[in-house]
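# Chain and residue survey
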Amino acid sequence: MFVKTSTRRNRDGSRVTYLQLAHSEWDPAAKSSRTKVLYSLGRADELDRTAIERLIASLTRLLGVEPATGPGPERARVVGVPGLAFTDSRPLGGAWLLDGLWQQLGIDTLLRRLAAGTRRDPIVERVLFTLVANRALAPSSKLAATGWLAERVHIPGIEATSDDACYRAMDWLLTVEPQLARGVFDQVAHLLNLEVDLIFFDTTSTYFETEDPDESVWRDPNGRRLPDPPTTDTSDGGADGGADGGDGGEESVPDGAAAKAGFRTYGKSKDSRDDLPQVIVGMAVTRDGIPVRVWCWPGNTSDSPLIRQVKDELRDWTLGKVIWVADRGFTSAENRRQLTAGGHGYILGEKLRSGSPEAKAALSRQGRYQQTRDNLRVKEVKVSEHERFIICHNPAAADRDAAIRQRLIDRLQALIDGSDALAPTKRAELRGVISTKPGLHRYLRTTPSGLLRLDAAAVTADARLDGKYLLRTADPHLSAEDIALGYKQLLEVERGWRDMKQLLDLRPVYHRLEDRIRAHVLLCWLALLLARIVETRANTTWTRARNELQRLHTGTFTGPAGTFRQTTAPTPEARRLHEALGLALPPKILHLDTDPGT
């Protein structure tokens, strides 16, 4: 159907245009198409626009399109079936896939079973999943997460919740942490067929924007808070003993106490924020990058208690001989003793620039490098009767180290050029400024007369270390290549910290109570676990997967016959992600309610 235009010329030479609503019909006899006029609209210059708009309104209503009342580009609104309204649209794909993994790991069943032994509502499992999904999809505070659930996402099994319900769920999560961690590990190990002979362990710190640290309280050797002990009455007990003798109380030490410390307290920050209180977070990761457990300690906790607790709590898990892989911060003799207890081994990084006897001895040994994969060369050197030392060399990293050093040398040379003409006090001031920049100060030499020079010997010595790092292990059976590649996989832990801090927003932590902070870290761990499983099994990054999944929406339609939710068509990549993870796509009709009153 179309509007046909015909023109007629008058005797005076003017032209008149007529408009007709026409339709083309096929004439079988003539075997050609003929135009049939359905309605004559009259002369174009005398067109009754009001009548035309009434006709359009009648036709659009008949076709299920409601005309708009005002002018503008949106002249009509599609309504489909008369009385049916499209009321809402929300992202579904990310939450649907995470929920599928949550169920595949049996976390939903485990939490409901643990809650069944209490008087808690089974909805606590859905509340906890909502907090985990929020952390993975749109990190925010717990209060903001309730608004996110109510207005900006669709999560099966829960429509809304309150911030109080979130806090109660977090408190309960902390009480079931040991059972949850063990159950999750067993399911993940079975689902992914994990190799758990290598456990990568590392710690980080997260600071808090607060001026004062927490009050010191008694804690057990694992850093957990102990109940406050009763005070012991030390007054003489006479008739006048309690009249004006002050509080007369002396604090007693509770059973099992190791030390007093605040949870958020000052310590050596890995974020270069020693001026702020912090907590320590530790994470154990498999060689595939799957985080299997997370821990929290007060911000001033040393390494040895961390290692002891981690080993004790993983002792009963289904692990064979574990080779612990940790960074250079764990190389103390006490830490190595703890790591080898129980027949386990370790692979530890050693600082070549530390000047330790082992590092000096390793560098002085001659020998040939063995070429391995991943652009890595290794050389085993004999330093100790009880430990093996491996020097690793990465040519690409060597080029990068040389380029960085040259930039530092150029900056230093620019600073000291012309300094011979300065007064001694001015040169001393310049030397003080350079001393605050460790990268530059490393190559600075001061002559006996106080002149500033580039230390050529330091440059040469530093160049010998380009692209090299030293590893130590107590395991007599691992090959040098396996030791080097095992340590290289420690980068998976470091990537986990980056993702937890940046992608999942570990910080800022919107809590001040110790239990809530611990529960917040557990939620971040569960979110990271699900994201890592997606990456491992679907061969992608969580950022790409999340962006693709969030294109899958669900729309809500409401009418006289009830309400239903319909999903949009998944993209090819969304289909691939679900297939790779063994999960079903959401159905076309997600929900149907034929009772208009509900």
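This write-up is about the structure you can find in this document.

### Regarding the sheet that holds strand 21 (residues 468-473)
- Pairing in this open sheet of 9 strands is mixed, and the strands run 13-12-7-14-15-21-18-17-16 from one edge to the other. Each having just a single partner strand, strand 13 (291-298) and strand 16 (370-372) make up the two edges of the open sheet. Averaged over neighbouring strand pairs, the angle between their axes works out to 25° when direction is ignored.
- Pairing analysis gives 4 bridges linking strand 15 (residues 345-350) to strand 21, with the strands arranged antiparallel. Opposite Gly 349, over in strand 21, you have Leu 471 as the bridge partner.
- On top of the sheet, helix 9 (residues 333-340) reaches strand 14 (323-326), strand 15 and strand 21; it is set at about 155° to strand 15, its chief contact.

### Some details on the nonpolar core
- Membership of the largest hydrophobic core comes to 110 residues, with the highest contact counts inside it found for Ile 155 and Trp 542.
- Of all the elements, helix 17 (residues 514-538) adds the most residues to this core, at 16 residues.
- Leu 408, Leu 444, Leu 452 and Val 459 belong to the second largest nonpolar core, which has 12 residues in total.

### Considerations on the sheet that holds strand 23 (residues 562-567)
- Reading across the sheet, the 4 strands line up as 6-22-23-24 and stay open at both edges, with antiparallel pairing between neighbours. One side of each edge strand has no neighbouring strand; the edge strands of this open sheet are strand 6 (85-91) and strand 24 (589-593). The average angle at which neighbouring strand axes cross in this sheet is 15°, direction not considered.
- For strand 23 and strand 24, the ladder comprises 4 bridges, and the chain directions are antiparallel. Opposite Gln 566, over in strand 24, you have Ile 589 as the bridge partner.

### Here we look at the pairing of strand 17 (residues 376-381)
- As paired strands, strand 16 and strand 17 are joined by 3 bridges and run antiparallel to one another. Among the inter-strand pairings, Thr 372 is bridged to a residue of strand 17, identified as Leu 376.
- By the bridge criterion, 5 bridges tie strand 17 to strand 18 (residues 388-393) in an arrangement that is antiparallel. Residue pairing across strands places Val 381 opposite Phe 389, the latter belonging to strand 18.
- Counted between consecutive antiparallel strands, the loop separating strand 17 from strand 18 contains 6 residues.

### So, the environment of Asp 482
- Mapped onto the elements of the fold, Asp 482 is located in helix 15 (residues 480-488).
- Since its relative accessible area comes to 41%, Asp 482 is described here as partly exposed.
- Residues Asp 482 and Thr 372, spaced 110 residues apart in sequence, show a C-alpha to C-alpha distance of 9.6 Å.

### So, the environment of Leu 98
- Note on placement: Leu 98 falls in helix 2 (residues 93-104).
- Leu 98 gets classed as buried once you look at its relative accessible area, which sits at 1%.
- Setting aside residues no more than four positions away along its own chain, Leu 98 makes contact with Phe 129, Ala 133, Ala 136, Leu 137, Leu 530 and Trp 542.

### Considerations on helix 3 (residues 107-116)
- Every buried residue belonging to helix 3 is among Ile 107, Asp 108, Leu 110, Leu 111, Leu 114 and Ala 115, and all of these are buried. Within helix 3, the buried residues cover an arc of 165° as seen down the axis, which keeps them to one side. Relative to its buried face, helix 3 has exposed residues pointing more than 90 degrees away, namely Arg 113 and Ala 116.
- In this structure, the buried residues of helix 3 make contact with helix 2, helix 4 (124-137), helix 6 (163-175), helix 7 (177-192) and helix 17.

### Looking at helix 17
- For helix 17, which comprises 25 residues, the first-to-last C-alpha distance of 36 Å matches the rise-based estimate of 36 Å (1.5 Å per residue) to within 8%.
- With 22 of its 25 residues buried, helix 17 lies for the most part within the structure.
- Of the residues one or two after helix 17, Asn 539 is the one with positive phi, at around 55°.

### Re the layout of surface pockets
- Of the volumes computed, that of the largest pocket is approximately 860 Å³.
- Along the walls of the largest pocket sit 29 residues, with Arg 328, Arg 353, Asp 401, Lys 468 and Tyr 469 positioned nearest its centre.
- Of all the secondary-structure elements, those providing two or more residues to the lining of the largest pocket are strand 15, helix 11 (395-416), strand 21, helix 15 and helix 16 (491-503).
- Ranked by the residues each element gives to the lining of the largest pocket, the list is headed by helix 11, at 6 residues.
- The residue inventory of the lining of the largest pocket, partitioned by class, reads 13 nonpolar, 3 polar and 13 charged.
- There is about 570 Å³ of room inside the second largest pocket.

About the cut-offs
- Residues numbered from 1 in each chain as written.
- Predicted model: local features only at pLDDT ≥ 70, side-chain atom pairs only at ≥ 80, totals over all residues.
- Heavy atoms only, no water.
- Pairing = 2+ DSSP bridges.
- Helix = DSSP H or I, 4+ residues; strand = E, 2+ residues; numbered from the N terminus.
- Axes fitted to C-alpha atoms, helices over the stretch in contact; angles between N-to-C directions.
- Contact = heavy atoms within 4.5 Å.
- Core = buried A, V, L, I, M, F, W, Y, C linked by side-chain atoms within 4.5 Å.
- Buried < 20%, exposed > 50% of the residue type's maximum accessible area, 1.4 Å probe, protein only.
- Arc of directions from axis to C-beta.
- Expected span 1.5 Å × (residues − 1).
- 1 Å grid on protein atoms, 1.4 Å probe; cavity = no way out; pocket = protein on both sides within 12 Å on 5 of 7 lines; lining within 4 Å.
- Points joined across faces, edges and corners; volume = space filled by probe spheres on them.
- Nonpolar A, V, L, I, M, F, W, Y, C, P; charged D, E, K, R; others polar.

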